[in-house]
Amino acid sequence: MPPLSNLAARDVETLVHPYINLAAFRETGPLIIERGQGVFVYDTEGKQYIEGMAGLWCTALGYGNEELVEAAAAQMRKLSFAHLFTGRSHDPAIELAEKLKEIAPVPISKVFFCNSGSEANDTQIKLVWYLNNARGRPEKKKIVSRMNAYHGVTVAAASLTGLPTNHRDFDVPLPGFLHTGCPHHYRFAQPGESEEDFATRLAAELEALIVKEGPDTVAAFIAEPVMGAGGVIVPPRTYFEKIMPVCTKHDLFVISDEVICGFGRLGTTFGCEKLGFKPHSLSVAKAMSSAYLPIAAVMVPETWYQAMLVESRKIGAFGHGFTYGGHPVSAAVALKAIEIYQRDRIIEKAAKRAPLFQARLKALAAHPLVGEARGVGLIGGVELVADKKSKRPFLAQVGVGARVVRFAEEEGLIVRSVAGDVLTLSPPLVISAVEIEELFDRLTRALDKALDWVTHGHLAQV
Ligand SMILES: Cc1ncc(COP(=O)(O)O)c(C=O)c1O
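About the thresholds
Residues numbered from 1 in each chain as written. Predicted model: local features only at pLDDT ≥ 70, side-chain atom pairs only at ≥ 80, totals over all residues. Heavy atoms only, no water. Pairing = 2+ DSSP bridges. Helix = DSSP H or I, 4+ residues; strand = E, 2+ residues; numbered from the N terminus. Axes fitted to C-alpha atoms, helices over the stretch in contact; angles between N-to-C directions. Near = heavy atom within 4 Å. Polar contact = N/O pair within 3.5 Å; in protein donor to acceptor, adjacent residues only side chain to side chain. Areas by Shrake-Rupley, 256 points an atom, 1.4 Å probe, with all protein chains shown as cover. Nonpolar A, V, L, I, M, F, W, Y, C, P; charged D, E, K, R; others polar. Contact = heavy atoms within 4.5 Å.

(A) Quick peek at the sheet that holds strand 9 (residues 281-284). Ordered in space as 4-10-9-8-7-5-6, the 7 strands form an open sheet in which the pairing is mixed. In the strand order of this sheet, the two ends are held by strand 4 (110-114) and strand 6 (177-180), each with one partner. Averaged over neighbouring strand pairs, the angle between their axes works out to 20° when direction is ignored. With 3 bridges connecting them, strand 8 (residues 253-257) and strand 9 associate as parallel partners. Across the sheet, Asp-257 pairs through a bridge with Ser-283, a residue of strand 9.

Right, here's the structure in full:
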């Protein structure tokens, strides 16, 4: 390992980084990004990378968008902070809530602002509990999520998340959080099972879980339309078509976690539109402001709002809120971002480039290291396997995903590797056709380097 630069050494001595082996990181140090423009970012040495992950699935409008910078600066000059507690308000929050209601895929009555996806999903859970207390059914409180789902890391959101790394030794999930089957055909379908049959079986599994727990105790089902951090898992055909009637039958609220899929990632404004289901409420964040500033929201229907009125009347206040929820500068930036999505037809144009992205993605399935290349819109997952025929994964200690990430960095591409050695791709929606070609050229070279490394090290062996 070459010695760490001064800045990298200071990082190692001062920061705790999420989602890294903290011990190994002391040797490798960080990749320090200094600036960005369009779909490119540059490190402290001036090396250019295609940001193949739009940061963390969020910088949909790319870097250096002067309109967003100006929206923030103008709002900061005018009113740098105001809150929404105790009946106070400000125009950016009002306008943004109106805009979200206008573009919502289902009838939405009210919007509650938060700062992150985790806070939004924590809020969803608290609202479901609050509502069912208001409706006089205090036993109906359990929440169903799915294995491999990612809904965040605060205590309730981490309990929704269905990934072992987010649970182990953190003493979550809390009681009352249930995980049903992961809708990943490649990994979990039985031999010869069609996508439709797999979806039927998953719906039956969900129903069996609800019945076993007691339908009077199960309150809600939460799902990402396409799972992101769990490995970009596109559900099998007819999945939501079959899941929704189960939820209706047992009177479960359905929450769509649109934190990644919202604002165009799948080619429609909201992911549930692409997947064809109608949730009761939605969580949004990330691309809502193109991540120029943090902001998230929970969008709720009138029935929820009516129950919230009942409960807050009884208690005397709606006792939930974050200091920075609906921050005026973040709200002004989100409003501008949505204006740009609409004015410049960003989502429509991204949907037009999706076939090229998906064609290049799916062509990777021919690579000797790739078990499955999957995706929809401008999101993709590339699952690396030691043996394509048996789908046998690499041993975790080989760290093949992390190694491809490093080879990709050498090639000038930022991608991520998530659990199960799945490379994830989610570039800014403003990526051009030429840049998509370049992204996949760079990724292919990284995979070829990884193949050499695997072959010479005999790393695919058991
Ligand atoms: C679908 C989904 N929900 C929730 C979250 C949590 O968001 P945050 O990291 O802003 O708390 C994420 C983060 O990646 C996500 O992908």
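(B) Structural context of the site of the ligand. Around the ligand sit Ser-116, Gly-117, Ser-118, Asn-121, Tyr-150, His-151, Gly-152, Glu-224, Asp-257, Val-259, Ile-260 and Lys-286, and those are all the residues in its vicinity. The backbone of Tyr-150 places a nitrogen or oxygen atom 3.5 Å from a nitrogen atom of the ligand. Between the ligand and the protein, one listed contact pairs a nitrogen atom with a side-chain N or O atom of Asp-257 at 2.7 Å. Burial of the ligand by the surrounding chains reaches 83%, relative to a free accessible area of 390 Å². Here the shell around the ligand is composed, by residue class, of 3 nonpolar, 6 polar and 3 charged.

(C) Molecular detail of the sheet that holds strand 12 (residues 379-384). If you trace the 4 strands from one edge of the open sheet to the other, you get 11-12-15-14, paired in antiparallel fashion. Edge positions in the sheet fall to strand 11 (370-376) and strand 14 (416-418), since each has one partner strand and no second. Geometrically, the sheet is characterised by an average inter-axis angle of 25° between neighbouring strands, direction not taken into account. Sheet topology note: the strand 11/strand 12 ladder contains 6 bridges and is antiparallel. Residue Arg-374 lies in a different strand from strand 12, and its bridge partner there is Gly-381. Relative to the sheet, helix 15 (residues 346-363) contacts strand 11, strand 12 and strand 15 (422-425), its axis offset from that of strand 11 by approximately 170°. Sheet strands touched by helix 16 (residues 400-410): strand 12, strand 14 and strand 15. Its angle to strand 14, the strand with the most contacts, is close to 175°.

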